[in-house]
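Next come the chains, spelled out residue by residue.
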Amino acid sequence: MIDSSSRAQSLAMLNAIKEKYASSLGNIVKVRNAPISFVREGKNFAVAADEATMNVEAMPNDLCCKMPNLVWYKPFVGLENRKVGYTTNASYTGNSVSEQWSRSGENSAFYGSFAL
């Protein structure tokens, strides 16, 4: 877990996101620093940042989408060996950016390897 970043690091990350993903993300309405945790145990992934969390599992036997036309979006970053994961939980419990929401029990995540 990374607990803090300098102002220069935060601005550099914000500028990189704007430069590479502005057309995908649209307007950035709020920026704030928060600790981020990422845990990978085998083929299970857990990500948390402040009021947002996501838990994803690999599909059984590494199965993936058999119908590519059902994959209606691409990850922001190209992934090596991209696979669709099973979202056990994804939620936002805050109120500063949007309404609270929660989704679970669906094949709605991508996972794979990438390098910046």
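Refer to the preceding data block for the structure.
**Topic: the overall build of the protein chain**
So, point 1. The helix and strand tally for the protein chain stands at 1 helix and 6 strands.
So, point 2. Looking at the protein chain residue by residue over its 116 residues, the buried ones come to 16%.
So, point 3. If you take every contact in the protein chain between residues at least 6 apart in sequence, the share linking residues at least 24 apart comes to 50%.
So, point 4. For the protein chain, the exposed surface amounts to about 9000 Å²; the carbon and sulfur share of it is 54%.

**Let's talk about the pairing of strand β2 (residues 44–49)**
So, point 1. Note that strand β1 (residues 36–41) and β2 share 6 bridges and pair antiparallel. Counted as the bridge partner of Arg-40 is Phe-45 from β2.
So, point 2. Hairpin connection of β1 to β2: 2 residues between the antiparallel strands, including Gly-42 at a positive phi of 65°.
So, point 3. By the bridge criterion, 6 bridges tie β2 to strand β3 (residues 52–57) in an arrangement that is antiparallel.

About the criteria used
- Residues numbered from 1 in each chain as written.
- Predicted model: local features only at pLDDT ≥ 70, side-chain atom pairs only at ≥ 80, totals over all residues.
- Heavy atoms only, no water.
- Helix = DSSP H or I, 4+ residues; strand = E, 2+ residues; numbered from the N terminus.
- Buried < 20%, exposed > 50% of the residue type's maximum accessible area, 1.4 Å probe, protein only.
- Contact = heavy atoms within 4.5 Å.
- Areas by Shrake-Rupley, 256 points an atom, 1.4 Å probe, with all protein chains shown as cover.
- Pairing = 2+ DSSP bridges.

By themselves, these observations are geometric and do not establish any function.
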